[in-house]
Amino acid sequence: MPTIYIDNKPYEVKAGKNLLETCLTLGLDLPYFCWHPALGSVGACRQCAITLFKDKEDTQGRIVMSCMEPVKEGACISVSNATAKAFRGQVIEWLMTNHPHDCPVCDEGGCCHLQDMTVMTGHNYRRYQYKKRTYLNQYLGPLLNHEMNRCIQCYRCVRFYKDYAGGEDLNVFAAHHHVYFGREKDGILQSPFSGNLVEVCPTGVFTDKTLKQHYTRKWDLTAAPSVCQHCSLGCNTTAGERYGKIRSITNRYNGAVNGYFLCDRGRFGYEFVNDENRITQPLIRNRVPEAVDEQSLMDHLKLLLTQSRTLIGIGSSRASVESNFALRQLVGSENFYQGVSLDEAALGKLIASILQSGAVHTPSLKEMEQADAVLVLGEDIWNTAPIMALSVRQAVMNSAAANALQQTSIAGWHDAAVRELVQDNKGFLANAGLTASPLDDISTCTLHATPHDIAVMGFAIAHAIHPGLPEVPQLNNELAAKAAQIAKALQQAKRPLIISGPSCYNEAMIKAAFDIAGALNTGERKAMLSYVLPACNSMTLAMMQAPSFEKSIDRINDNTVVIILEQDLYRSIPPAKANAFFNRCKNLIVLDSLHNGTTEKAQVLIPAATMAEADGTLINNEGRAQRYYQVFVPTTGMVKESWKWFWQMRSLQTSSGNGLELHPNDWLTKLEKTLPQFNGISRVSYPPEFRIHGQAIPREPHRYSGRTAMLANLAVSEPKPLQDNDSPLSFTMEGYPNRPPASLIPFFWAPGWNSIQSVNKYQQETGGALSGGDPGIRLLEQKTGTPTAYFTDIPEALPAPRNKWLLLPAYHIFGSDELSAYSAAIRELCPEPYIGLSTQDTAELGITDGKNITLVAEGEEYTYPLKIQEHLCNGIVLLPAGLPGMPALTWGSWATIAPSLKNNAV
Amino acid sequence: MISHIRTMWLVFLHLFHKKATIQYPEEKIRLRPRYKGRIVLTKDPDGGERCVGCYLCAAACPVDCIALQATEDEHGRRYPEFFRINFSRCIFCGYCEEACPTYAIQLIPDFEMAEFKRQNLVFEKEDLLIDSQGKYPGYNFYKAAGVNIGVKEKGAGDQEERPVDIHDLLP
């Protein structure tokens, strides 16, 4: 490790870094704008100037940009040198000449990097007497607000949007001091990662439009560490609350999972918590009044639960581990099901058993970024796991950069130079899917085929890598050629990554992905295998081996009590089947947070807490258990975590109501004992009695305002501060004032660093893991070097039934997820329902684009407009999955199509 | 001993001094305009609400007795949806006035706000808002700010150039 001298003090630092990163890692305050740990250095803003001396005797030195200067053994630099300080002060003064007098009405104020850096350099009075430059703004869609006057031309937005995330519709226009960052014309930003501009932009040019509806400063938010609920990746978020409403979601850095970025579904999909449709009171149907208090509810439940009836519990893939396990304990393991269709449950079980076998390594998102060849087998990750798509993009870009850098001595953080060197080269990505995906633009090999063909190609790849595996009979030439190409590229890689998932409802595809990864896993080649799952906690239910609730139907009679946990069964099976199920349920207890079709059928409806009002644990697709913490206590109604309700029910059953409460950690300890596959999960969080120097960790910043006035309209005497018995966090601003352990960081803040850029004060090294290790406990680790058994059951090519189409879901980042679609902004971006067919199929059917057509699947008719999918293969019909108001379909079944006779008069 | 006598002598001399005590409330004291008494919210010269809901007063308040919620009208003009001061907690330090970037919140020379019920000391926006510019006439924040919220067009401010034409290539 080289030694450098900063202001005459020696420091041991890491080689290969630049001086800015190094100074920040050492905890020094050095202002910067254009540099971002994930984007690298371009040396554009001239803000991070330091003085570099020739040697120890040199007193003059010269000014250099620390972000462009590599660490060299024995280098002498000065951060606090008067010349460098004056230089930085002048730079910021120039930047501020055109900055508008907007801070009071700017949403960035209070978490603004420009404010922080201006204060840090000491520039406080405006000397410039002349006029300010102004710009006209653009409409950028429902998610982001544009206020171009505030721009300081650091170029971070386009570097993130174009270079990092691959967006094409945000760019820089005009010249000299007129440069303009925006779209070619007004319109909705197309990239699903556009929300990150809010955090990437060091000032208030791009701000969160949903936050604007109920604006609160960062210092006024009661915040807690949370985990995103909108897909299976489990990105870490910070949820902020004020006046009983969730106000914003910001990224919570986790070096192993989401890093610095979130997708728009995760960032803007929080408003279901504040929805009018929330269930806040327990209801007992068919009595007057239906809304009851807790005592009457318990009396009623006591009757229901104790008369020696059979209990059937239906677990939920969007409820926490604790809630699902508490339900399982309440009803008994043999009566515990999950609320997904038979097919989906089988696929989940298969994926969990593959990953639990420990034969291959399942990577974190960070590890995926290091992959040097990627194969996506049939999963539309752009829509089902957007941040994974972003990681795959980084893998492709990083491996191209790594190749290019082999010939030169340029450091990898030299962003502009590396891009110049790489040009349009890409690392290897093979993307096999049903239809076109934005990932196709960066993939070397693209395949649009039926799930069967994709799976068969997968087996062919596995065979090409490991000749011991069975050969695919009668493989067509196109697939054979692609398989050979992909197999070759994967074999040349050191860290190949295979991605698949259940969204094609094809078991063979999942097996083929495993075979490929297993076959690649030899010697120094470390293959990675990642499966996407349908929901944020699908992994838990898959690991619990819960069967589909469709299997419970025959067991239900008048004497059974069915308990449904936090889910709408109408989203997993078609309405007719669901109705048949509900008709059998005479005693139905539903716990949920929002009214939906299932809650309407409930005899007893119990208000369950959402992620913002609950403590709980989720297990993401890599088997990483992560705790999310309660953000606030709702003041109205009787909203409680489901696991608390189940514990109360259990006390009723056993009549042991001794008032003892179980905390999330107690549930997890019990879970470990009951189901050994969850071993280690109880280490996911600190016990509720954890204190640092006797102090809890405050959810509120020390500048939190309005304590004695917020509730003064109700009663002028302030209520007692709320207690949190389930976590080491407190609901007040009092507590441990310094950096808490990594899994308990309620918000990022450091003295002088109010913006989210303060995360560098929480990391071991800039851009690395959080101090004390990244949060989360991995439950699925690789145990053996190579698999002992492969799947050899290659599916036979079955001829498609005549005039029938395979019905498959098309996922949409905005719309396919249940909870995020409650946000008005996300709903605006949801597509309209449609029926997607290939160009050739459409021509043969003789129907035109946009006309209504009718699809018949399993005896049910669905009429929607036709949307021709240019890249879709023949024989498949796509319908958007899970759109609000659209019924569930029997995915993977055969459907017939007819031009609709109705509504075609247009 | 000498000290005691001196003290008594000084007290005796006070009989002949001008009286500092006034007969309040019959006689009112004259307070300077900058006296820090009751808090009000003022309006700008054009009659619009000056408060832009920036939360700086609330953050500056050492007893945290100010709570508000910002909202926007159809032009994007930000104003407080509610603005509440709990005067039973207020210490009249004037930090809120110092923090206010728009001269909206001002402390005025009025201290007569005694109440029998503490609850009556909770003032809402309708109790605080006055139809006056207070101590700082002539200032309209939205004329100085860069945003266009219906008060002035982009580039129409005194200190602003016309908006950049991004298609213009002239130097």
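Residues numbered from 1 in each chain as written. Chains lettered and ligands numbered in written order. Predicted model: local features only at pLDDT ≥ 70, side-chain atom pairs only at ≥ 80, totals over all residues. Heavy atoms only, no water.

Overview of the overall build of chain A
Moving on, step 1. Each helix and strand in chain A was counted, giving 24 helices and 35 strands.
Moving on, step 2. What you see for chain A is a C-alpha radius of gyration of 28 Å, in line with the 29 Å of a compact globule of 906 residues.
Moving on, step 3. Residue burial in chain A is summarised as follows: out of 906 residues, 63% are buried.
Moving on, step 4. Put simply, of all contacts in chain A between residues at least 6 apart along the chain, 74% involve residues at least 24 apart. (Helix = DSSP H or I, 4+ residues; strand = E, 2+ residues; numbered from the N terminus. Rg over C-alpha atoms; globule rule 2.2 N^0.38 Å. Buried < 20%, exposed > 50% of the residue type's maximum accessible area, 1.4 Å probe, protein only. Contact = heavy atoms within 4.5 Å.)

Looking at the overall build of chain B
Moving on, step 1. When helices and strands are counted, chain B shows 5 helices and 6 strands.
Moving on, step 2. Computed over C-alpha atoms, the radius of gyration of chain B comes to 24 Å, more than 25% over the 16 Å expected from 2.2 N^0.38 for 171 residues, which places it beyond the range of a compact globule.
Moving on, step 3. C-alpha extents for chain B along the principal axes are approximately 90 × 45 × 30 Å.
Moving on, step 4. For chain B, the proportion of its 171 residues judged to be buried stands at 40%.
Moving on, step 5. The long-range share in chain B, meaning contacts at least 24 apart out of those at least 6 apart in sequence, stands at 67%.
Moving on, step 6. When the accessible surface of chain B is totalled, it reaches about 10500 Å², and 56% of it is carbon and sulfur.
Moving on, step 7. Each charge class in chain B can be summarised by its mean position, and for the 23 positive and 25 negative side chains these summaries are 11 Å apart. (Areas by Shrake-Rupley, 256 points an atom, 1.4 Å probe, with all protein chains shown as cover. Lys, Arg positive; Asp, Glu negative; His and termini not counted. Charge placed at Lys NZ, Arg CZ, Asp CG, Glu CD.)

Points about unusual backbone geometry
Moving on, step 1. Each neighbour pair has its own omega, and for A:Val288 with A:Pro289 the value is -10 degrees, a cis peptide bond.
Moving on, step 2. Of note, the amide linkage connecting B:Tyr24 to B:Pro25 takes the cis form, showing an omega dihedral of 5 degrees.
Moving on, step 3. Along the polypeptide, B:Pro25 turns up in the loop between α1 (2-13) and β1 (39-41).
Moving on, step 4. Unusually for a residue other than glycine, A:Tyr505 sits at a positive phi of about 55 degrees.
Moving on, step 5. The phi dihedral of A:Glu566 is positive, around 35 degrees, even though this residue is not glycine.
Moving on, step 6. Looking at the secondary structure, you find A:Glu566 in the loop between β22 (560-565) and α19 (575-584).

Comments concerning the packing of aromatic side chains
Residues and elements named next belong to chain A.
Moving on, step 1. This model, assessed by the stated rule, comprises 31 aromatic pairs over all chains.
Moving on, step 2. On the basis of an interplanar angle of 20 degrees and a centroid distance of 5.7 Å, the ring pair of phenylalanine 160 and tyrosine 164 is categorised as stacked. Taken together, the residues phenylalanine 160 and tyrosine 164, both in helix α4 (residues 156-164) and 4 residues apart, mark about one turn of the helix.
Moving on, step 3. Since its relative accessible area comes to 9%, tyrosine 164 is described here as buried.
Moving on, step 4. Taken together, the ring pairs connect Phe160, Tyr164, Tyr253, Tyr260 and Phe261 into an aromatic cluster.
Moving on, step 5. It is arginine 242 that lies over the ring of tyrosine 243; its NZ or CZ is 4.8 Å from the centre. (Phe/Tyr/Trp six-rings, centres within 6.5 Å; stacked < 30°, edge-to-face > 60°. Lys NZ or Arg CZ within 6 Å of the ring centre and 35° of its normal.)

Some remarks on the sheet that holds strand β2 (residues 66-72) of chain B
Moving on, step 1. Across the sheet, which stays open at both edges, the 3 strands sit in the order β2-β3-β5 (chain B) with antiparallel pairing between neighbours. One side of each edge strand has no neighbouring strand; the edge strands of this open sheet are β2 and β5 (122-123) of chain B. (Pairing = 2+ DSSP bridges.)

A word on the interface of chain A and chain B
Moving on, step 1. Across the contact, 48 residues belong to chain A and 45 residues belong to chain B.
Moving on, step 2. Carbon and sulfur atoms supply 53% of the area that chain A and chain B bury against each other, a total of about 3800 Å² over both sides.
Moving on, step 3. A salt bridge links A:Arg707 to B:Asp64, with the nearest nitrogen and oxygen atoms 3.2 Å apart.
Moving on, step 4. Among the elements that make up the side of chain A that touches chain B, the one with the highest residue count is strand β6 (residues 132-134) of chain A (3 residues).
Moving on, step 5. With 2 bridges joining them, β6(A) and strand β6 (residues 160-163) of chain B adopt parallel strand pairing. Bridged to A:Lys132 within β6(B) is B:Glu160. (Buried area = accessible area lost by both parts, 1.4 Å probe. Salt bridge = Lys/Arg side-chain N within 4 Å of Asp/Glu carboxyl O.)

A closer look at a nonpolar patch on the surface
Moving on, step 1. A surface patch of nonpolar side chains, amounting to about 650 Å² of accessible area, comprises B:Trp9, B:Leu10, B:Phe12, B:Leu13, B:Leu15 and B:Phe16.
Moving on, step 2. Position of B:Phe12 relative to the elements: it lies in helix α1. (Patch = residues over 30% accessible without salt bridge, like charges linked within 9 Å, V, L, I, M, F, W, Y side chains within 5 Å.)

Section: α19(A)
Given 3.6 residues per helical turn, the α-helix brings residues three or four places apart onto the same face.
Residue and element names in this part refer to chain A.
Moving on, step 1. When α19 is considered as a whole, its buried residues turn out to be Ala578, Phe581 and Phe582. Each buried residue of α19 lies within a common arc of 95 degrees when the element is viewed along its axis, so the set occupies one face.
Moving on, step 2. In this fold, the buried residues of α19 make contact with β15 (310-315), β22, β23 (587-592) and α20 (597-601). (Arc of directions from axis to C-beta.)

Focus on the nonpolar core
Residue and element names in this part refer to chain A.
Moving on, step 1. Within the largest apolar cluster, 131 residues are counted, with the highest numbers of intra-cluster contacts made by Leu301, Ile589 and Leu855.
Moving on, step 2. Ignoring sequence-local partners within four residues, the contact set of isoleucine 589 consists of Leu301, Leu304, Leu305, Val561, Val562, Ile563, Ile564, Val604, Ile606 and Met649.
Moving on, step 3. With 99 residues, the next largest nonpolar core counts Tyr253, Met388, Phe632 and Leu829 among its residues. (Core = buried A, V, L, I, M, F, W, Y, C linked by side-chain atoms within 4.5 Å.)

Digging into the side chain of A:Lys761
All names here are of chain A.
Moving on, step 1. Mapped onto the elements of the fold, lysine 761 is located in the loop between β28 (729-730) and β29 (777-778).
Moving on, step 2. Only 3.3 Å separates the side chain of lysine 761 from the backbone oxygen of glycine 27, close enough to count as a polar contact.
Moving on, step 3. Excluding anything up to four places from it in sequence, lysine 761 contacts Gly27, Leu28, Asp29, Arg739, Ala750 and Trp753. (Polar contact = N/O pair within 3.5 Å; in protein donor to acceptor, adjacent residues only side chain to side chain.)

Re the environment of A:Ser651
Moving on, step 1. Note that A:Ser651 resides in helix α21 (residues 642-654).
Moving on, step 2. Between the C-alpha atom of A:Ser651 and that of A:Leu330, which follows or precedes it by 321 residues, the distance is 9.8 Å.

Concerning the pattern of salt bridges
In a structure, side chains of opposite charge can pair up when their charged atoms sit close to one another.
All names here are of chain A.
Moving on, step 1. In this structure the tally under the stated criterion is 44 salt bridges over all chains.
Moving on, step 2. Glutamate 641 is the salt-bridge partner of lysine 644, the closest N and O atoms lying 3.3 Å from each other.
Moving on, step 3. Judged by its relative accessible area of 18%, lysine 644 falls in the buried class.
Moving on, step 4. Residue glutamate 641 is classed as buried on the basis of its relative accessible area of 3%.
Moving on, step 5. Overlapping salt bridges bring together Lys14, Lys17, Glu21 and Glu765 as one network.

Observations concerning the sheet that holds β22(A)
Residue and element names in this part refer to chain A.
Moving on, step 1. An order of β14-β24-β23-β22-β15-β16 is seen for the 6 strands of this open sheet, with the pairing classed as mixed. Both edges of this open sheet fall to β14 (283-284) and β16 (336-338), since each of them pairs with a single strand only.
Moving on, step 2. Direction of pairing for β22 relative to β23: parallel, over a ladder of 5 bridges. Within the sheet, the bridge partner assigned to isoleucine 564 lies in β23 and is valine 590.
Moving on, step 3. Contacts between helix α8 (residues 294-306) and the sheet are confined to β14, β15, β22, β23 and β24 (604-607), with β24 contributing the most and set at about 130 degrees to the helix. (Axes fitted to C-alpha atoms, helices over the stretch in contact; angles between N-to-C directions.)

Description of the pairing of strand β31 (residues 835-838) of chain A
Residues and elements named next belong to chain A.
Moving on, step 1. Of the two faces of β31, both are covered, the one formed by Ile835 and Leu837 as well as the one formed by Gly836 and Ser838.
Moving on, step 2. One ladder, built from 4 bridges, connects β31 with strand β33 (residues 860-869); its direction is parallel. Paired with glycine 836 across the strands is lysine 867, a residue of β33.

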